[in-house]
Each structure stands twice: as structure tokens, then as C-alpha cells.
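Here is how the chains run, residue by residue.
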Amino acid sequence: MVDDVLLSARALVLADLGARGYADAGGVSLLEAAMGERRWWVEQWPDGQPFVAGLVATDVQDALFDQGIRWPECTTCASLEQHALRIDPELGGPDPVWVCETSGEAIARLGGLTAG
Ligand SMILES: [Zn+2]
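Summarised in this report is the structure supplied together with it.

About the cut-offs
Residues numbered from 1 in each chain as written. Predicted model: local features only at pLDDT ≥ 70, side-chain atom pairs only at ≥ 80, totals over all residues. Heavy atoms only, no water. Donors = N, O, S within 2.8 Å, 3.2 Å for Na, K, Ca; no water. Tetrahedral: all angles 85-135°; square planar, octahedral: opposite > 155°, others 65-115°. Helix = DSSP H or I, 4+ residues; strand = E, 2+ residues; numbered from the N terminus. Salt bridge = Lys/Arg side-chain N within 4 Å of Asp/Glu carboxyl O. Buried < 20%, exposed > 50% of the residue type's maximum accessible area, 1.4 Å probe, protein only.

On to the coordination of the zinc ion. Protein coordination of the zinc ion is provided by Cys-74 (SG), Cys-77 (SG), His-83 (NE2) and Cys-100 (SG), with donor distances spanning 2.1 to 2.3 Å. What the four donor atoms of the zinc ion show is an angle range of 102 to 120 degrees at the metal, which sorts the shape as tetrahedral. Coordination of the zinc ion draws on donor residues from a single chain, spaced C-x2-C-x5-H-x16-C in sequence. Of the two residues, Cys-77 is situated in the loop between helix H3 (52–66) and strand E1 (85–88) and Cys-100 in strand E2 (residues 97–100); the sequence distance between them amounts to 23 residues.

As C-alpha cells, then:
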């Protein structure tokens, strides 16, 4: 059960990394690191399963940000300033979606980003 949740979370985040060109060795290793931590977390707290995918996405987002990479960028707004999407709800789930951090508008479900 936990394995299914983790596999699904990994697939969703990997899809969104790929949609924006970050499903490379660097992106995947950040994803694997986040998966390892969240596996431990959800094994301690099985009720957290609905939140895992969104939390993994946020973990990877934070890790990329530390490397100076803004992922995923909002490509929807006309705003000239580059800005990012964030996971909503902030707890990571259930049913995580990417929302624009500027407009607050829902852009895509987690795993449903398009090339931007
Ligand atoms: Zn935006």
C-alpha cells in the first residue's frame, strides 16, 4: 500500500520534472533523495499517504531552488517577472494541484504540467 503511494508519487513528480526539462540525472537524484525521506515519514505516519505526492513535489522544488533553479515556472501569467507554481493544499494533499504563487490560480494537477 505504502509502496503504491510512493510509486505513484514518484511518477507524478517525475512527469512534471520531465515536462520542464529537469528529468535528468540531477533532477532524478533529488527526487530519489526526497522519496527516501518521505518513505520513512509515511511509514511512521500511514495516515499521511494522501499528502506524500505533494510533499515530494515540494521537497524537490526546494532542493532545486537551493541550486538556483526555479521549478516549475509559471508560464500562464502575462506577468513579466518570472515566478513559480506551488503545491496546493500546502499540506501536500489530498488531490495536489499546482497553483500560481502570484495569481493563486490553479494551473495543473500534480503530474499534469505541460511543457512550458
Ligand atoms: Zn503565474
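Okay, the pattern of salt bridges next. If you walk through the whole model with that rule in mind, you get five salt bridges. One salt bridge connects Arg-38 with Asp-59, and the closest N-O pair in it is separated by 2.7 Å. Taken together, the positions of Arg-38 in helix H2 (residues 25–44) and Asp-59 in helix H3 put the pair 21 residues apart, joining distant regions of the chain. A salt bridge links Arg-39 to Glu-43; the shortest N-O distance between them is 3.5 Å. Here Arg-39 pairs with Glu-43, and both are found in helix H2, just four residues apart, close to one helical turn. Residue Arg-39 is classed as partly exposed on the basis of its relative accessible area, which comes to 34%. Given the relative accessible area of 45%, Glu-43 is considered partly exposed. Salt bridges sharing common partners tie together Asp-3, Arg-39 and Glu-43.

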